[in-house]
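Descriptive structure summary
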Amino acid sequence: MREAIREAMSEEMRRDERVFLMGEEVAEYNGAYKVSQGMLDEFGEKRVIDTPIAELGFAGIGVGAAMNGLRPIVEFMTWNFALLASDQIINSAAKMLQMSGGQYGCPIVFRGPNGTAGQLAATHSNSYEYMYAHVPGLKVISISNPYDAKGLMKSAIRDEDPVVFMESEVMYSDMGEVPEEEYLIPIGVADVKRAGSDVTIVAWNKMMKVALEAAAELAKEGIEAEVIDLRTIRPMDYDTVINSVKKTNRLIIVEEAPPFSAISSELSHVVQFRAFDHLDYPVMRINGADTPVAYAPTLVEAYLPKVSEVVKAAKGSLYR
């Protein structure tokens, strides 16, 4: 995964001299998670920039650079730390085009790991897709595999709008095939990772592993689940999900974040509104627990959605 993201950034920096990377430890240290390894040597200190531990400050520099014709990639060591920069993301980047009457755009990518990553406790384990997706003017991407990571990162860098790009610390070493030839994945298009006819399971980021493993378990009992990777949280590809529900008549949404005001809430509403007559069972949501994430590994495990919960929900929807 880390190599796929690095390839995407490097290819875009070679293609367009306006693109640059900035963030804590991205240069001399090769990135906190080694995503930017070797980039300082290739592009130099003017295009791979180490910043102080001051998220509000360097996010603001990125927004100003984007307004003046550059295309910054701003790395946060984790999206938990990006809370300190939320004013620049939410009140500046997202609103600049509208507030300037179209005079200033903000083509910028804010990226970094999101969600739980082992025993990091409550303040370093949040999933923030729901928060940024709530903000008009932002596009939100949350990736689950190297192929999508590269294709969507390249599209995000080329996009004219500010993009929030969410990765996962525990997936940086994940392996997957990435073509040598250039490719782009359009923002706003979900992907059917596994076809099925009995129940639809939607997930994104590392919850895709839960969804796919649950589908494999269900297949052992003759239940064929269709698994959809949402990939882009905003704009959301409702049509792919609804077309699947029209086929399976059932929907389970697996989300790492707690249930209140979650992405799964939005998707549940749209599906019941647009595909109510196709549902043979209520839409089900399997979310993280409605509590701050604990430090103890047993409590982290209890917090996160589980394969067994998805399997149980699928069987229940099929009255088995």
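Reading the values: rules and limits
- Residues numbered from 1 in each chain as written.
- Predicted model: local features only at pLDDT ≥ 70, side-chain atom pairs only at ≥ 80, totals over all residues.
- Heavy atoms only, no water.
- Helix = DSSP H or I, 4+ residues; strand = E, 2+ residues; numbered from the N terminus.
- Contact = heavy atoms within 4.5 Å.
- Domains from an automatic or database assignment.
- Buried area = accessible area lost by both parts, 1.4 Å probe.
- Salt bridge = Lys/Arg side-chain N within 4 Å of Asp/Glu carboxyl O.
- Polar contact = N/O pair within 3.5 Å; in protein donor to acceptor, adjacent residues only side chain to side chain.
- Nonpolar A, V, L, I, M, F, W, Y, C, P; charged D, E, K, R; others polar.
- Buried < 20%, exposed > 50% of the residue type's maximum accessible area, 1.4 Å probe, protein only.
- Pairing = 2+ DSSP bridges.
- Axes fitted to C-alpha atoms, helices over the stretch in contact; angles between N-to-C directions.
- Phe/Tyr/Trp six-rings, centres within 6.5 Å; stacked < 30°, edge-to-face > 60°.
- Lys NZ or Arg CZ within 6 Å of the ring centre and 35° of its normal.

Positionally, arginine 234 belongs in strand β10 (residues 232-234). In this structure, the C-alpha to C-alpha distance between arginine 234 and isoleucine 141, residues 93 residues apart in sequence, is 7.1 Å. Among all residues touching arginine 234, those that are not within four sequence positions of it are Ala133, His134, Val135, Pro136, Leu138, Lys139 and Val140.

Splitting the protein by domain gives domain 1 (2-171) and domain 2 (191-317). Measuring from the centre of the C-alpha atoms in domain 1 to the corresponding centre in domain 2 gives 27 Å. Listed as interface residues are 30 residues of domain 1 and, on the opposing side, 26 residues of domain 2. Together, the buried faces of domain 1 and domain 2 total about 2,100 Å²; carbon and sulfur atoms form 54% of this surface. Linking domain 1 with domain 2 are two salt bridges, by the criterion used here. Connecting domain 1 to domain 2 are 15 residue pairs in polar contact (both at pLDDT 80 or more). Of all the secondary-structure elements, those providing two or more residues to the side of domain 1 that touches domain 2 are α6 (129-133), β5 (139-142), α7 (146-158) and β6 (163-167). When grouped by side-chain class, the residues that make up the side of domain 1 that touches domain 2 number 14 nonpolar, twelve polar and four charged.

Here the focus is the pattern of salt bridges. One pass over the structure, following the stated rule, counts 26 salt bridges. For lysine 150, the salt bridge is made with glutamate 11, and the minimal N-O distance between the two is 2.7 Å. With lysine 150 in helix α7 and glutamate 11 in helix α1 (residues 2-15), the pair connects residues that are 139 residues apart, well separated along the chain. Overall, lysine 150 belongs to the buried group, its relative accessible area being 1%. Of the charged contacts in the structure, one is a salt bridge between arginine 158 and glutamate 12, with a shortest N-O distance of 2.9 Å. Of the two residues, arginine 158 is situated in helix α7 and glutamate 12 in helix α1; the sequence distance between them amounts to 146 residues. Overall, the relative accessible area of 24% leaves arginine 158 in the partly exposed class. Each of Glu7, Glu11, Glu12, Arg15, Lys150, Lys154, Arg158 and Glu182 takes part in a single network of salt bridges with overlapping partners.

The mixed open sheet is built from five strands, whose spatial order is β7-β9-β8-β11-β12. The open sheet has two edge strands, β7 (191-194) and β12 (284-286), and neither has a second partner. The mean inter-strand angle of the sheet, taken between neighbouring strand axes irrespective of direction, is 25 degrees.

A few words now on the packing of aromatic side chains. Evaluation of the coordinates by the stated rule reveals eight aromatic pairs. Aromatic ring contacts, followed pair by pair, group Phe58, Phe76, Trp79, Phe110 and Tyr132 into a single cluster. For the cation-ring pair, lysine 34 lies above tyrosine 29, with the distance from its terminal atom to the ring centre recorded as 3.6 Å.

Now for the sheet that holds strand β2 (residues 48-50). A sheet is described by the order of its strands in space; here seven strands give the open sequence β2-β1-β3-β4-β6-β5-β10, paired in mixed fashion. A single partner strand is all that each edge strand has here, and the edge strands are β2 and β10. Looking at each pair of strands side by side, their axes are set apart by 20 degrees on average, direction ignored. Note: β5 against β10, two bridges, orientation antiparallel. For isoleucine 141, the partnering residue across the bridge sits in β10 and is threonine 232. Here α1 sits on the sheet and contacts β1 (19-23), β2, β3 (71-75), β4 (109-113) and β6; the angle it forms with β1, its principal contact strand, is near 135 degrees.

The omega torsion across arginine 234 and proline 235 is 0 degrees, close enough to zero to call that bond cis. Tracing the backbone shows proline 235 in the loop between β10 and α9 (238-248). Even without a glycine there, the phi angle at lysine 34 is positive, about 65 degrees. With relative accessibility at 26%, the residue lysine 34 sits in the partly exposed group. The phi torsion at arginine 231 lies on the positive side, around 60 degrees, for a residue other than glycine. Mapped onto the secondary structure, arginine 231 falls in the loop between β9 (225-229) and β10. Residue arginine 231 is classed as buried on the basis of its relative accessible area, which comes to 7%.

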